[in-house]
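What follows is each chain in one-letter form.
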Amino acid sequence: MRDFSMTDPVSHIRRMQPDHPAIYFCPDVLQATAARFRAGFPGLVTYAVKANDRPEVLANLVAAGLEAFDVASPAEMEAVRRAAPDAALHYNNPVRSRVEIETARRHGVVSWSVDDAGELEKIADAALGGEVAVRLKLPVKGAAYDFGSKFGVGPEEAAMLLRRVVELGLSPAITFHPGTQCADPAAWVSYIRASAQVARKAGVRLARLNVGGGFPAHRDGGAPDLEGIFAAIGAAVRDSFGMEAPALVCEPGRAMVAEAFTLAVRVKSLRADGRVYLNDGIYGGLSELRDIGPTDRLRVIAPDGAARTGAAQTRVVFGPTCDSLDRLPGGLSLPSDTEEGDYLVFAGMGAYSLAIATHFNGYGLGEPVTVARL
Ligand SMILES: *Cc1c(COP(=O)(O)O)cnc(C)c1O
């Protein structure tokens, strides 16, 4: 094995000519993003493990000082415990089997979210002494897709659940998720105002408010203004809660990890009519190009590392499997001098790429290559 930890994706491609989709991980970028959240967010920064549960991701977040993680399943609890035996586990999947609840109790989960009276009774014993956050949902827009359609309760029911949390002797909190890749601070502001109203209606003083994930990554149109969102969150909490301001928690997945990985996929075949066949597609690392739309963070390089610079042309693009659904909707804009054997290098691919890539039809991503720079 040669060591590429001093290199960058283009040098790796030049030397190795990878014929499988190659994913590159830069620990410094991940640690810098964690530092940015910790410096800017006015509360506790946790990480939503589902965005990317690789051990090197968890280890670098622990090294960057993260002490709490949002987990959704027993396997995620175990992954965090391997990286950080003493980390705080926040179990924010509001639907749990009784076996999962028992596993969570054994792992020492300290915070649970709920959106249903029956589910609250199910966890009451296991959560004893801990925090229970009621998951609130509002008809709020601003994200790439809507998270409220699966989890959460409206303000009335949230107030009832919050009262019951207090009756059970648990520490009351509210949580929400404005939807992933949410670039509009107004979504957080609406949720924070509504959370204050729910708490007031319930007659409960919140110990904590978890403002979710949803922070945007840089996909297109320039780097998002995370500090602007942090400032809007801080101001909305002061305005809405005044002297009763709860401690804040955030749980970014995407915005924490996206920038730390770059994906390089190769052109397998270029047809006379302009259609392009890649060695990765919607079943691999590119599924979000289907689910939340295109990214402009793409460059094309020749196998010798030289950038292709021809005029942009929109191409029909297929992935490698024999499934006809394996096509990127809308295609991709590629330089006119793109050739077979070239590499498409996508920046900002750390979130929901490795975590959901399959090996369908014998394709899929290899192990991440650690690099010094992206
Ligand atoms: C997925 C998820 C997150 C992370 O969302 P991002 O949009 O990736 O930041 C945070 N909290 C909960 C409860 C989630 O399900």
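Above this text sits the structure in question.
Not measured: the values here are computed from a predicted model.

Caption draft 1: Structural detail: the overall build of the chain. On a plain count of helices and strands, the chain comes out with 11 helices and 17 strands. Projected onto the principal axes, the alpha-carbon positions of the chain cover approximately 70 × 40 × 40 Å. The proportion of buried residues among the 374 residues of the chain is 56%. Considering only intrachain contacts with a sequence separation of at least 6, the fraction spanning at least 24 residues in the chain is 70%. Mean positive and mean negative side-chain charge positions of the chain (39 and 44 charges, respectively) differ by 1 Å.

Caption draft 2: Representation of helix α3 (residues 55-63) in the model. Burial in α3 covers these residues: Glu56, Val57, Leu58, Asn60 and Leu61. Downstream of α3 by a residue or two, Gly65 has a phi angle that is positive, lying close to 105°.

Caption draft 3: Representation of the sheet that holds strand β7 (residues 131-135) in the model. With parallel pairing, the nine strands of this open sheet are ordered in space as β2-β10-β9-β8-β7-β6-β5-β4-β3. Across the chains shown, the open sheet's two edge strands, defined by having one partner strand only, are β2 (44-45) and β3 (47-48). Across two bridges, the pairing between β3 and strand β4 (residues 68-71) is parallel. The residue of β4 that forms the bridge with Tyr47 is Phe69. Sitting on the sheet, helix α4 (residues 74-83) is in contact with β4 and β5 (88-91), with an inclination near 160° to β4.

Caption draft 4: Examining the site of the ligand more closely. Lining the immediate surroundings of the ligand are 15 residues, of which Lys50, Thr180, Glu251, Arg254 and Tyr352 lie closest. Taking Glu251, its side chain carries an N or O atom lying 2.7 Å from a nitrogen atom of the ligand. Within the complex, the protein chains bury 93% of what would otherwise be the 390 Å² of accessible surface of the ligand. Its residues assigned to classes, the shell around the ligand comprises four nonpolar, six polar and five charged.

Caption draft 5: Unusual backbone geometry, seen in detail. Even without glycine at this site, Gln181 takes up a positive phi of about 55°. Mapped onto the secondary structure, Gln181 falls in the loop between β8 (171-175) and α8 (185-202). For Gln181, a relative accessible area of 15% gives the class buried. Of note, Asn361 is a non-glycine position whose phi angle comes to about 65°, a positive value. Relative to the elements of secondary structure, Asn361 occurs in the loop between β16 (343-346) and β17 (369-370). The partly exposed category is assigned to Asn361, whose relative accessible area is 40%.

Caption draft 6: Spotlight on the pairing of β7. Across the five residues of β7, five count as buried, placing the element largely inside the fold. Side chains Glu131, Ala133 and Arg135 of β7 all project onto a buried face; the interleaved residues Val132 and Val134 project onto the opposite face, where all are buried too. Pairing analysis gives four bridges linking strand β6 (residues 111-114) to β7, with the strands arranged parallel. For Trp112, the partnering residue across the bridge sits in β7 and is Val132. For the crossover that starts at β6, traverses helix α6 (residues 117-123) and ends in the parallel β7, the hand is right-handed. In this structure, β7 lies alongside β8, joined through five bridges in parallel fashion. Directly across from Arg135, in β8, lies its bridge partner Thr175.

Caption draft 7: Fine view of helix α9 (residues 226-241). In this model, α9 (16 residues) spans 22 Å end to end at C-alpha, consistent with the 22 Å of a helix rising 1.5 Å per residue. Along α9, the residues classified as buried are Leu226, Ile229, Phe230, Ala232, Ile233, Gly234, Ala236, Val237, Ser240 and Phe241. Lining the buried residues of α9 we find α2 (27-40), α8, β9 (208-210), β10 (247-250) and α10 (254-257). Immediately downstream of α9, the backbone of Gly242 shows phi near 55°, a positive value.

Caption draft 8: The arrangement of the packing of aromatic side chains in detail. Tallied over the entire structure, the rule returns 10 aromatic pairs. Note on Phe176 and Tyr191: the rings are 4.5 Å apart at their centroids and 10° apart in plane angle, and the pair reads as stacked. Of this pair, Phe176 sits in the loop between β8 and α8 while Tyr191 sits in helix α8, and the two are 15 residues apart along the sequence. In terms of burial, Phe176 and Tyr191 fall into one category: buried.

The rules behind each value
Residues numbered from 1 in each chain as written. Predicted model: local features only at pLDDT ≥ 70, side-chain atom pairs only at ≥ 80, totals over all residues. Heavy atoms only, no water. Helix = DSSP H or I, 4+ residues; strand = E, 2+ residues; numbered from the N terminus. Buried < 20%, exposed > 50% of the residue type's maximum accessible area, 1.4 Å probe, protein only. Contact = heavy atoms within 4.5 Å. Lys, Arg positive; Asp, Glu negative; His and termini not counted. Charge placed at Lys NZ, Arg CZ, Asp CG, Glu CD. Pairing = 2+ DSSP bridges. Axes fitted to C-alpha atoms, helices over the stretch in contact; angles between N-to-C directions. Near = heavy atom within 4 Å. Polar contact = N/O pair within 3.5 Å; in protein donor to acceptor, adjacent residues only side chain to side chain. Areas by Shrake-Rupley, 256 points an atom, 1.4 Å probe, with all protein chains shown as cover. Nonpolar A, V, L, I, M, F, W, Y, C, P; charged D, E, K, R; others polar. Right-handed = clockwise from strand over helix to strand, strands pointing away. Expected span 1.5 Å × (residues − 1). Phe/Tyr/Trp six-rings, centres within 6.5 Å; stacked < 30°, edge-to-face > 60°.

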